Amino acid sequence: MQPFSTHTGMVAPVDRVNVDTDQMIPKQFCKLLTREGYGKFLFFDWRYLDGGKPNPEFILNWPRYHGASILLARANFGCGSSREHAPWGVLDYGFRVVIAPSFADIFYNNCFKNGILPVTLPDQQVDDLFRRTEQNPGYRLTADLPNQTVSDDHGLKLSFEIGAFRKEILLKGLDDIGLSLQHEAKITAYEKGHPQHTPVMYTPVDVKNLAPAK
Amino acid sequence: MPSRTMYEKIWEAHLIREEPEAPALIYIDRHLIHEGTSPQAFAGLKAAGRKVRRPDLTFAVMDHSVPTVDRMLPILDKDAAGQFDALERNCRETGVRLFDMHSANQGIVHIIGPELGITQPGQTIVCGDSHTSTHGAFGALAFGIGTSEVEHVLATQCLSQFRSKAAHIVINGKRPHGVTAKDLILAVIGKIGIADGIGHVFEYAGEAIRGLSMEGRMTICNMSIEGGARAGMVAPDGTTFAYMEGRPFVPRGKHFQSAVEYWKTLTSDPGAKFDTTVELNAAEIAPQVTWGTNPGMVTSVTSRVPDPAAFPHTDEQKAAAHALEYMGLKPGTLIVDIPLDRVFIGSCTNSRLEDLRAAARVVAGKKIARTLKQALVVPGSRVVKAEAEKEGLDKVFRAAGFEWRDAGCSMCIGMNDDRLPAGERCASTSNRNFEGRQGKGGRTHLVSPIMAAAAAIAGHFVDIREWNVDGAE
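I will try to describe carefully the structure that is included in this document. (Residues numbered from 1 in each chain as written. Chains lettered and ligands numbered in written order. Predicted model: local features only at pLDDT ≥ 70, side-chain atom pairs only at ≥ 80, totals over all residues.)

Observations concerning the overall build of chain A
Here comes step 1: Helix and strand content of chain A: eight helices and seven strands.
Here comes step 2: Seen along its three principal axes, the alpha-carbon backbone of chain A occupies a region of about 65 × 45 × 30 Å.
Here comes step 3: Counting only residues that meet the buried cut, chain A has 41% of its 214 residues in that class.
Here comes step 4: For chain A, restricting intrachain contacts to residue pairs at least 6 apart in sequence, the fraction spanning at least 24 positions comes to 69%. (Helix = DSSP H or I, 4+ residues; strand = E, 2+ residues; numbered from the N terminus. Buried ≥ 20, exposed ≤ 12 C-beta atoms within 10 Å, placed from the backbone. Contact = placed C-beta atoms within 7 Å.)

Dropping the structure here:
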């Protein structure tokens, strides 16, 4: 995973609450077998007209937001389906940072597996960022993870909270499977002791030739 | 020991390691996988030279993209065929048990887990699907995970997780005639909204929850994620144990008895502390119908489509106006005056035998409205399908004009050919009315199976309480 330290880039606003992952990457693209190449499908139904032409009304298609790498969003961003195709699309489109008042749990988790920094800021600050983005063409922000700040060139500087562990994961681009496997001995010990907790866990019967009805 | 919630008990029983400021490492008892979110996880595992640690605790099924028509025909959708091939190959190479689309036990992952007894009280259960919350109905800690986490569980049989907060959702009183589990959970989401559950596990309690069958409890827990909570749970009780006994993966004889003794200890202790409590009175809940583009945009069947201006916050006003535009609805329209194009009875929310029986009782001896373009019944599993056919439910549905299909996710998500065309309106027993969920431009109204059945007959929504059918309980 690509580490994340600081990032400066243009901001693109998507001014809707409860943007769900079905909107980010619709179902038909969840049948692919790779993790790459989802950027062209991001916000597909909003972004393209029937026939595949870009929808000029959708904000990411406005020329002034081309090349944006920071996504400004509203509350409960990424709700619904657990599909990791959504953050894969966000990243592949070119966004490294998503700023919103709140994120849905699964999407938030998925960001940290993909080197995306989700920044949670209070409603009023997000409102203010929407205003600044709309009023200043080419509006840019710098997200500084070590110092946990978001700042612009006009003197705005906002602090954000992020868990120490998650911060470390992003800063170092850590593979958390590798981290967990450092505790291999504990996992094995747990497995040995497990049946005492729950005497029922490991007695499956063979269902290979099971009749359809019980 | 201090009083603990059921969530805390199961969490602590699965802790491998927990340190301040860091996520805990918890052991996973059951890992369910499907063709949609697993190929990249297996590929990642292979690329890193890692193995599936516990193939015996991993169960795979094909459900999201499977055709619900004749499966002996070739799969023309090459992307879907690619998913099936990948799952089949990955399971063969790693020794994971697979219920492929020709298995007699195939079905939606959240239907077959409980049906086969793979799902048991006290377990930790994960799956790369947000509706994994369904399994919490048994008093298990079950939640959806992303594909990177699927890879993590394949490699380690553990998950790195932060502790959640616990919310107590108490539904007091008795469920009125014609009000189902689906109506209860839609009413809960209508009350709390779709984001209040973020960071929480819901434990459902109260007389109305106790009075539900396992099928009803699964419907409730299934939609926890629509309230923002990753997991929902119901304490196991006699109803749970009676459901479990004799299922293929459930222990038998004295092992079953000792399992039940353990399962009984899972209940939240008296005085256990919840971070939030929400109370509802079942007697005040009417049959529910969604009018917008998320499950929190819901109202009683006796109400009208709301006026966006009536919402307190600007965000909500904008969202409601946008939703009504997408849904092609005008404020003030009576819910019962909304005409329908299609009806879909299926999905991991409502496709179990009990759902199909109730819907069949509503449609028995009647015909679907002539204005309807399609009415679909998609059983949640092939076992449900076989049992329903044994009871003659397929004949009841077919005689009324419904199509009777093979098991899978179908039009809930539209990854196969079952899709809602643009501009058309569907009464659906599924869980998400998001824009484009059932098909680009499709307009979804979430309802209970008996409401969907009655709407198919009438061609529009009806107050099922006025229909004198025993299907309305």
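Looking at the environment of I335(B)
Residue and element names in this part refer to chain B.
Here comes step 1: Note on placement: I335 falls in the loop between α11 (314–327) and β15 (342–345).
Here comes step 2: According to the C-beta neighbour criterion, I335 is buried, with 23 such atoms within 10 Å.
Here comes step 3: Taking the C-alpha atoms as reference points, I335 and V301, 34 residues apart in sequence, are found 5.7 Å from one another.
Here comes step 4: When neighbours within four sequence positions are excluded, I335 is seen to be in contact with V289, T299, V301, S303, R304, V305 and F461.

Focus: the nonpolar core
Here comes step 1: With 207 residues, the main nonpolar core has I99(A) and V343(B) as its most contacted residues.
Here comes step 2: Setting aside anything within four residues of it in sequence, one finds V343(B) in contact with L372(B), A375(B), L376(B), C426(B), A427(B), A452(B), A455(B) and A456(B). (Core = buried A, V, L, I, M, F, W, Y, C linked by C-beta atoms within 7 Å.)

Description of the packing of helix α6 (residues 181–192) of chain B against helix α8 (residues 214–222) of chain B
All names here are of chain B.
Here comes step 1: Two numbers describe how α6 lies on α8: the axes approach to 8 Å, and their chain directions differ by 25°. In terms of orientation, α6 lies roughly parallel with respect to α8. For the pair α6 and α8, the crossing hand works out as right-handed. Taking contact as the criterion, the partners of A181, K182, L184 and I185 in α6 are, on α8, G216, T219 and I220.
Here comes step 2: Classifying every residue of the contact of α6 with α8 gives four nonpolar, two polar and one charged. (Axes fitted to C-alpha atoms, helices over the stretch in contact; angles between N-to-C directions. Parallel < 35°, antiparallel > 145°, perpendicular 65-115°, else oblique. Left-handed = near helix turned anticlockwise from the far one by under 90°. Nonpolar A, V, L, I, M, F, W, Y, C, P; charged D, E, K, R; others polar.)

Remarks on the interface of chain B and chain A
Here comes step 1: On the chain A side, the residues contacting the 70 residues of chain B number 53 residues.
Here comes step 2: The leading source of residues in the side of chain B that touches chain A is helix α5 (residues 147–156) of chain B, at six residues.
Here comes step 3: A per-class count over the side of chain B that touches chain A returns 28 nonpolar, 26 polar and 16 charged.

A closer look at the environment of T302(B)
All names here are of chain B.
Here comes step 1: Locating T302 in the fold gives a position in the loop between β14 (298–300) and α11.
Here comes step 2: Classification of T302 as partly exposed rests on a count of 13 C-beta atoms within 10 Å.
Here comes step 3: For the pair formed by T302 and F461, sequence separation is 159 residues and the distance between their alpha carbons is 9.7 Å.
Here comes step 4: If near-sequence neighbours (up to four positions away) are discounted, T302 is found in contact with A286 and D463.

Focus: the sheet that holds strand β7 (residues 157–159) of chain A
Residues and elements named next belong to chain A.
Here comes step 1: On the basis of which strands lie adjacent, the open sheet formed by seven strands has the order β4-β3-β2-β1-β5-β6-β7 and mixed pairing. For this open sheet the edge positions go to β4 (117–120) and β7, each flanked by a neighbour on one side alone. Direction aside, neighbouring strands of the sheet carry axes that sit 25° apart on average.
Here comes step 2: Relative to β4, strand β3 (residues 97–100) is paired through four bridges, and the arrangement is parallel. Bridge pairing in β4 links I99 to V119. (Pairing = 2+ DSSP bridges.)

Considering the sheet that holds strand β6 (residues 124–127) of chain B
Residue and element names in this part refer to chain B.
Here comes step 1: Judged by pairing direction, the sheet is parallel, and its five strands sit side by side in the order β5-β4-β3-β6-β7 without closing on themselves. Of all strands in the sheet, those with a lone pairing partner are β5 (97–99) and β7 (141–144), marking the two edges. Taken over all neighbouring pairs, the strand axes of this sheet differ in orientation by 20° on average, direction set aside.
Here comes step 2: Judged from the four bridges that link them, β6 and β7 form a sheet pairing that is parallel. Bridge pairing links T124 to L141 in β7.

Quick notes on helix α2 (residues 39–47) of chain B
Here comes step 1: Taken residue by residue, α2(B) has P39(B), Q40(B), A41(B), F42(B), G44(B) and L45(B) as its buried positions.
Here comes step 2: Against α3 (78–94) and α5 of chain B lie the buried residues of α2(B).

Some points on unusual backbone geometry
Here comes step 1: Of note in this structure, N18(A) is not a glycine but carries a positive phi near 55°.
Here comes step 2: Looking at where N18(A) falls in the secondary structure, it is placed in the loop between β1 (6–13) and α1 (21–24).
Here comes step 3: Within the chain, E21(B) stands out as a residue other than glycine whose phi angle is a positive 70°.
Here comes step 4: The residue E21(B) is located in the loop between β1 (15–17) and β2 (24–27) in this model.

Considerations on the packing of helix α12 (residues 353–363) of chain B against helix α15 (residues 449–458) of chain B
Residue and element names in this part refer to chain B.
Here comes step 1: Their axes nearest at 8 Å, the elements α12 and α15 cross at an angle of 30°. Put simply, α12 runs roughly parallel to α15. Remark: the crossing between α12 and α15 carries right-handed chirality. Together, D355, A358, A359, V362 and V363 of α12 and P449, I450, A452, A453, A454, A456 and I457 of α15 make up the contact between the two elements.
Here comes step 2: For the contact of α12 with α15, a count of residues per class yields eleven nonpolar, no polar and one charged.

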